[in-house]
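Architecture at a glance
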Amino acid sequence: MKYINAAEVLPETLLKELQSYVDGELLYIPKVSAKKEWGTANGSRLFYEERNKEIRKLFQEGCSVDLLSEQYGLAYSTIKNIIYR
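Figured I'd write up the structure that's included with this text. (Residues numbered from 1 in each chain as written. Predicted model: local features only at pLDDT ≥ 70, side-chain atom pairs only at ≥ 80, totals over all residues. Heavy atoms only, no water.)

Some details on helix α3 (residues 44-60)
Worth spelling out the cut-off: The helix count covers DSSP runs of H or I at least four residues long, the strand count covers runs of E at least two residues long, and both are numbered beginning at the N terminus. The length a helix should cover is 1.5 Å for every residue beyond the first. Whether a residue is buried, partly exposed or exposed follows from its accessible area with a 1.4 Å probe, protein chains only, as a fraction of its type maximum: under 20%, in between, or over 50%, in that order. Starting at the helix axis, one direction is taken to each C-beta atom, and the arc is that of these directions. For this analysis, residues touch if any pair of their heavy atoms sits within 4.5 Å.
Across its 17 residues, α3 extends 24 Å between first and last C-alpha, which sits within 8% of the 24 Å expected from 1.5 Å per residue. For α3, the complete set of buried residues consists of Ser-44, Arg-51, Asn-52, Ile-55 and Leu-58. The buried residues of α3 occupy an angular sector of 125 degrees when the element is viewed end-on, so they sit on one face. Turned more than 90 degrees off the buried face of α3, the exposed positions are Leu-46 and Gln-60. Lining the buried residues of α3 we find α4 (65-72) and α5 (76-84). A positive backbone phi angle near 115 degrees is found at Gly-62, which sits one or two residues after α3.

Here we look at the nonpolar core
Heads up, the rule is: Residues belong to one nonpolar core when they are buried, are Ala, Val, Leu, Ile, Met, Phe, Trp, Tyr or Cys, and are joined through side-chain atoms within 4.5 Å.
Within the largest apolar cluster, 8 residues are counted, these being Ile-55, Leu-58, Val-65, Leu-68, Leu-74, Ile-79, Ile-82 and Ile-83. If you list the elements that add at least two residues to this core, you get α3, α4 and α5. Ranked by residues supplied to this core, first place goes to α5 with 3 residues. Setting aside residues no more than four positions away along its own chain, Leu-58 makes contact with Cys-63, Leu-68, Gln-71 and Tyr-72.

Examining α5
Side chains of residues three or four places apart in an α-helix project in the same direction, reflecting 3.6 residues per turn. For α5, the full list of buried residues reads Ile-79, Ile-82 and Ile-83. The arc that holds the buried residues of α5, viewed along the axis, is 95 degrees, so those residues lie on one side.

Quick word on the side chain of Ser-69
Structurally, the position occupied by Ser-69 is in helix α4. Its relative accessible area of 15% is what places Ser-69 among the buried residues. What Ser-69 contacts, discounting residues up to four positions off in sequence, is Leu-74, Ala-75, Tyr-76 and Ile-79.

Quick notes on a nonpolar patch on the surface
Applicable threshold: Patches here are clusters of residues that have more than 30% relative accessible area and form no salt bridge, with a 9 Å joining cutoff for like charges and a 5 Å cutoff for nonpolar side chains (Val, Leu, Ile, Met, Phe, Trp, Tyr). All accessible areas in this document rest on Shrake-Rupley with a 1.4 Å probe, and a residue is counted as covered only by the protein chains that are shown. Salt bridges are defined as contacts in which a side-chain nitrogen from Lys or Arg sits within 4 Å of a carboxyl oxygen from Asp or Glu.
On the surface, Trp-38, Phe-47 and Tyr-48 cluster together to form a nonpolar patch covering roughly 370 Å² of accessible area. For Tyr-48, the location among the structural elements is in helix α3. According to the relative accessible area criterion, Tyr-48 is partly exposed, its value standing at 33%.

Notes on the environment of Gln-60
Mapping Gln-60 onto the fold places it in helix α3. A C-alpha to C-alpha distance of 9.1 Å links Gln-60 and Ile-83, two positions 23 residues apart in sequence.

A closer look at the packing of α3 against α4
What counts, and what does not: For helices, the fitted line uses only the C-alpha atoms of the stretch in contact; every axis is such a line through C-alpha atoms, and the angle between N-to-C directions lies from 0 to 180 degrees. We call a crossing left-handed when the near helix sits turned anticlockwise from the far one by less than a right angle, and right-handed when that turn is clockwise. We call Asp, Glu, Lys and Arg charged. Ala, Val, Leu, Ile, Met, Phe, Trp, Tyr, Cys and Pro are nonpolar, and the rest, Gly among them, are polar.
Packing of α3 against α4 brings their axes to within 10 Å, and their N-to-C directions diverge by 150 degrees. The handedness of the crossing between α3 and α4 comes out as right-handed. Residues Arg-51, Glu-54, Ile-55, Leu-58 and Phe-59 of α3 pack against Val-65, Leu-68, Gln-71 and Tyr-72 of α4. The class makeup of the residues in the contact of α3 with α4 is 6 nonpolar, 1 polar and 2 charged.

Here it is, written out as structure tokens:
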């Protein structure tokens, strides 16, 4: 994150108002752009959605929760949560 001197970019009236709240301290101003949902930037959300879809399909075809748990390296309770969600 790059440091910018507020005196160089803000109008003097706004700068004085901010100084009344945080005189001489660092202030973080978040971006206006909307935050992306979890996993959308790197594709992990899609990966887990596809994996869970496959787990549900295999369960419907007769695979046991124990077998799916072992096959996917997930806890028994996690497989149950995926199936019954």
